[in-house]
Amino acid sequence: VRPENYQAKNHPPSNEYELNFGPNHPGIEGNYALQLKLHGDKVVHARADGGYLHRGFEKLMEGRLWIQNIALVPRICVPDPAPMELCYSLAIEEIGGLDVPERAQWLRVLQLELSRIAAHLFTFGGHAATTGMYSNMYWGVTDRDILLDLFEEFTGGRVYSIYNMPGGVRRDIPEGFLQRVSDTLDYIESRLPDYDNLFFTNAVFIRRAKGVGIMNQQQALEWGVTGPNLRATGLAFDVRRDDPYLVYDQLDFEIPTEDAGDAWARTLVRRHELMQSIRILRQVVKALPDITGPIRAPIPNPLAWTVPAGEAYTRVESSKGETAYYVVSNGSDMPYRVHVRGPSSMHAVQVLENMVQGCRIEDIAQIMFSLDACPPEVDR
Amino acid sequence: MADIEYKDKGSILNPLKSWQFFARKPVTVPLEPRPASLNYRGFHVNDWEKCIGCSTCQKVCDNAAITMVKVPGLAEDPVLGVRNLRPAIDYGRCCWCALCVDICPTGSISLSREYVHTCTQDEIDSYFILPDPKGIHNEFFGHGWSKSVDADLVDLKRQPMPELEAQKRIDNFEEIVDGFDMQAAIIEASRCVQCGMCHDACPTHMDAPEYIRSIWEGDIEEAVRWIYKSNPFSHVCGRVCTHRCETACSVGRRGEPVAIRWLKRYAMDALDHERVKQIAHEGKPDFVTGKRIAIVGSGPAGMTAAFDLARLGHYVVVYEAMAKPGGMMRYGIPEYRLPYDKLDDDIDVILSLGVELHCNTRIGTDIEFSTLQKDFDAVLLASGLHEGRSTRIPGSEHGNTVSAIKLLRQITQGEKIEVPKKVVIIGGGNVAMDIARSLARFQRTEYGSIDVTLTALEARDDMLADESEIREAEEEGVMIIPSRGPRQCMIQQDRLTGLETVHCVSIFDEDGRFHPKYDESDVFVHDADMVVEAIGQAADTAYLGADTTEALDWQRGRLQVDEDGRTTADWLWAAGDMVEGPDVVHAVAGGHRVANSIHEYLMNRVKASA
């Protein structure tokens, strides 16, 4: 006899089965999972599950001094930490009315663009690996390592640079550093034809990536897509140009776009952006020696530093899209509230869920890499 | 944009392009270890010589990775502001952000270029390490991220203190220092790193980190509450304290110490006097113990003890020989340093607790000392040092050779003194500065010009007076001549004409005893019609009477007491300058100490007889 509160479980149709994709899966970025319903190899339904990397950043920040959070924010996006530091600092500078010296602004651009190149190289590697081209992944990681050497030299840390500080940056560049940046840029540029040969003009990549994970411009806007993913749908929107911060309005660069809106277009936009970042960095290398002065606005003793009551919403263009911080201060020595708008939380949840529906299971990994989603950003 | 056509050319041979790389040099990074960059944030190194154990690194550490560990064998001296604590790092928590380096007040801690640490399973604790000057593996890899001006988070510069210019202050006794306004006080308070070195160094252990924090938070009442926990003479100490706290301040290691004394003064000045009184009354019991205590002298020691004992419910009577209470604070410190209305405020708070004060009542003359023993359960001697010491050089018995302490008393009492046209002062301490600057003011008013010469036995850098006192005296036109030993007062036909001094080579002998050596060839005569001796003070304890004096323990004229300030007579205590050096804050500390001891004695006696 069945109990009264018995309810028959709603079983999937017999031709569908469930598959947990991740959180430990080589085809997924970081600790992230998709709960899939499959019909054969075809995805019928997907549900994103981002709770595997919850570290409670936003809540943690409310219990730490303003300065202590500069060591915490880079961890929200491991492959591209610079925009996180910057965005947090910009917000505090806006609330507290700190004037960032010009040299610090240029140094910040230097860090941001190097970080963008490193992040893009990482993502190519990921996309290549998920389409079976492992040499390209090794190259991407190796060339990123050369950029990490530069980070080590001028910020002291390879991955988490913790370089920005409200008011400016923590260190000036060491002697001869600009020459090494210049050499590295030449090297990265000289590598690009190899990447093109092996990957971007490779029939395997093009045939695998074209037509996979398509979204049109309207969908992209509705889903809150930003960054290269949005530009791959033909809309040339870039915070660096459309809402300039730091010294981006003095720099000359283009906003590459593609129209296809598929995995191929998204990765190709990144390939073009790489060139633009190199272009920006060359201008920075040229301009920096003439810009002298302090690199940090003075801030009080951080153990007794209060930021005046107020709120600020600041946004920057990271390698993944629009990164924004909403910081509220109630005038105390710790933030009252920090909200992080990571671009990946849109890309890895609503976009990914919709995009993988109807695609084949082997394309899920490359769709995720083409979206360049960063799981720690999803669940802050 | 790019010249390459990124489209599928349809050839299945395209991927074979990668074969050409067989002939090329691999891009792989070599495997051998690589030295880290010069700026690298690796494991910690800590220069134990520089480190003072202030634990500021621990406070800023965002992962609570730092624990301060006692290292036996290292120096520990609260007066110098050194603790034998050193930071130990839990590398399971450390995130190598280097905030500890950037905030270190001394600059001792830095990160090295060392980045490898491994262990086997049973050595898990090896991740909790005490870094020393060589790092964590006893092998120095070189400094990585170190203290730099760019990222220094310690605010080394003090807020400027507005004060009267030398020209505006020299002909009057107006207070020189204006005191902080709210803005400056809050900024100054924000410089504090809350290490507590000041608390340890202060003789009365004032809760300076707490009241500074309260000032920074804008809560003046709370600040005054903290101040009154340990010092009822905060108007006075906020102005004339010898501020050992600032000597020990860890921010002062590389920069200017936090202006702790001025902050205290700011808190006291900013709060309404009636509110201060209410705060001082907080926690006072509504019962009375019925015990009676007599206190001889209303200086800082006596009045502090009176404050404590009254707050404990005892009945306290203070006897003061002079017309007004305050002792040396009133009759020794010139008004330009300590305005008397501020002293009156401090004393008013104490009296408001129910302390009975009898001025113009000299023990031994107006009241016999022996009656105190009869009428009271306990007696505290806090009569201070009101006799000047003499150099006893030839000519020092001349009428125009006077003691500084006597002269200061006359000046502060408002008596008319005969202002000398030229005066030489013997001594290099604060009293010497006080009398020099007071006389300079009178000369300026009377004659329009200043001729005050101050000869000190010590060299310029070893002079006992506060640096600011010396600076201000020089600004006001006092001529300071260090390293001069007095030889004789020159007297011609009963008239004092000057002071002869010789150059002093050294003051102490090899054993550290006072034994000045002179260079006899360097003799100089300073013209003067008055010589003032400011070389020390002595106590006048004749009022005790022969019997009591006989019963007590004396050494070189100084009354001997135990660590609680109790004499060999179990009903008699002594505190203040007469048992320890002349300094307000030491006297306050002594007052607290004897008050505790007296309270214990009185209350235990009740228990014993019950």
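Our structure's up above, just so we're on the same page.
Predicted model only: the values in this text are computed from it and were never measured. Throughout this description, residue numbers start from 1 for each chain and increase along the sequence as written. Each chain takes a letter, starting from A, and each ligand takes a number, starting from 1, following the order in which they are written. With the structure being a predicted model, the display of local features is reserved for residues of pLDDT at least 70 and the display and counting of side-chain atom pairs for 80 or more, all residues being used for whole-chain, interface and lining totals. Note that water and hydrogens are dropped before the side-chain values are worked out from all heavy atoms of the structure.

Just give me the short version of the interface of chain B and chain A, but keep the residues and values in it.
Taken together, the contacts link 51 residues of chain B with 54 residues of chain A. Each of two parts loses accessible area, computed with a 1.4 Å probe, when they are put together; buried area is these two losses added. With both chains or domains summed, chain B and chain A bury close to 4300 Å², and 55% of this area falls on carbon and sulfur atoms. When a carboxyl oxygen of Asp or Glu lies within 4 Å of a side-chain nitrogen of Lys or Arg, that pair is called a salt bridge. Linking chain B with chain A are five salt bridges. We call two N or O atoms a polar contact when they sit within 3.5 Å, provided that within protein one can donate a hydrogen and the other can accept it, with sequence-adjacent residues counted only if both atoms are side-chain atoms. Our count for the contact surface shared by chain B and chain A stands at 22 residue pairs in polar contact (both at pLDDT 80 or more). Throughout, a contact is declared for two residues whenever any of their heavy atoms are within 4.5 Å.

Summarise the pairing of strand E13 (residues 452–455) of chain B; cite the residues concerned and give the values.
Residue and element names in this part refer to chain B. Only protein chains enter the accessibility calculation, which uses a 1.4 Å probe; a residue whose area is less than 20% of its type maximum is buried, one above 50% is exposed, and one in between is partly exposed. A run of H or I in DSSP counts as a helix once it spans at least four residues, and a run of E counts as a strand once it spans at least two, with each numbered from the N terminus. A two-sided burial pattern is seen for E13, the buried positions comprising Val452 and Leu454 on one face and Thr453 and Thr455 on the other. Bridge analysis of strand E12 (residues 423–426) against E13 gives four bridges, and the strand direction is parallel. What sits directly across from Val424, in E13, is Thr453. Note on handedness: a clockwise path from strand one over the helix to strand two, with the strands aimed away from the viewer, defines a right-handed crossover. The parallel pair E12 and E13 is bridged by helix H17 (residues 430–447), and the resulting crossover is right-handed. Handedness of the crossover joining E13 and strand E14 (residues 479–481) through helix H18 (residues 467–475) is recorded here as right-handed. DSSP-based pairing: two strands are paired if at least 2 bridges between them are found.

Describe in detail the sheet that holds strand E8 (residues 337–341) of chain A, supporting the description with residues and values.
Residue and element names in this part refer to chain A. Spatial ordering of the open sheet is given by E6-E7-E8, a layout of three strands whose pairing is antiparallel. A single partner strand is all that each edge strand has here, and the edge strands are strand E6 (310–317) and E8. When strand polarity is set aside, the average angle formed by the axes of neighbouring strands in this sheet is 10 degrees. Examined bridge by bridge, E6 and strand E7 (residues 322–329) share eight bridges and lie antiparallel to one another. Counted as the bridge partner of Arg315 is Ala324 from E7. The angle between two axes is taken between their N-to-C directions and runs from 0 to 180 degrees, where each axis is a line fitted to C-alpha atoms and a helix contributes only its stretch in contact.

Before we move on, can you summarise helix H4 (residues 182–190) of chain B with the specific residues and values?
Residues of H4(B) that are buried include every one of B:Ala184, B:Ala185, B:Glu188, B:Ala189 and B:Ser190, and no others. In this structure, the buried residues of H4(B) make contact with helix H6 (208–217) and helix H10 (260–270) of chain B.

Talk me through the packing of helix H10 (residues 263–287) of chain A against helix H12 (residues 364–371) of chain A; I want residue IDs and the actual numbers.
Residue and element names in this part refer to chain A. Where H10 meets H12, the axes come as close as 9 Å, and the angle between the chain directions of the two elements is 35 degrees. The interaxial crossing formed by H10 with H12 has left-handed handedness. Mapping the contact onto sequence places Ala263, Arg266, Thr267 and Arg270 in H10 and Gln366, Ile367, Phe369, Ser370 and Leu371 in H12. Of the residues assigned to the contact of H10 with H12, the class counts are four nonpolar, three polar and two charged. Crossings are sorted by hand: turned counterclockwise from the far helix by less than a right angle, the near helix makes the crossing left-handed, and turned clockwise it makes it right-handed. Classification used: nonpolar for Ala, Val, Leu, Ile, Met, Phe, Trp, Tyr, Cys and Pro, charged for Asp, Glu, Lys and Arg, polar for all others including Gly.

Describe in detail the packing of aromatic side chains, supporting the description with residues and values.
The geometry of two aromatic rings is summed up by the distance between their centres and the angle between their planes. Here a Phe, Tyr or Trp ring, Trp counted by its six-membered ring, pairs with any other such ring whose centre lies within 6.5 Å, and the pair is stacked when the planes are under 30 degrees apart, edge-to-face when over 60, and tilted otherwise. What the rule picks out here adds up to 24 aromatic pairs over all chains. Ring centres of A:Phe200 and A:Phe205 lie 6.1 Å apart, and the angle between their planes is 85 degrees; this geometry places the pair in the edge-to-face category. A relative accessible area of 0% means that A:Phe205 is categorised as buried. Summarising the aromatic geometry, the rings of B:Phe369 and B:Trp571 are spaced 6.1 Å apart at their centres and angled 40 degrees between planes, so their arrangement reads as tilted. With B:Phe369 in helix H15 (residues 369–375) and B:Trp571 in the loop between strand E21 (558–559) and strand E22 (572–574), the pair connects residues that are 202 residues apart, well separated along the chain. The exposure class of B:Phe369 is buried, given its relative accessible area of 2%. Overall, B:Trp571 belongs to the buried group, its relative accessible area being 15%. Linked through ring pairs, A:Phe124, A:Trp139, A:Tyr195, A:Phe199, A:Phe200 and A:Phe205 together constitute an aromatic cluster.

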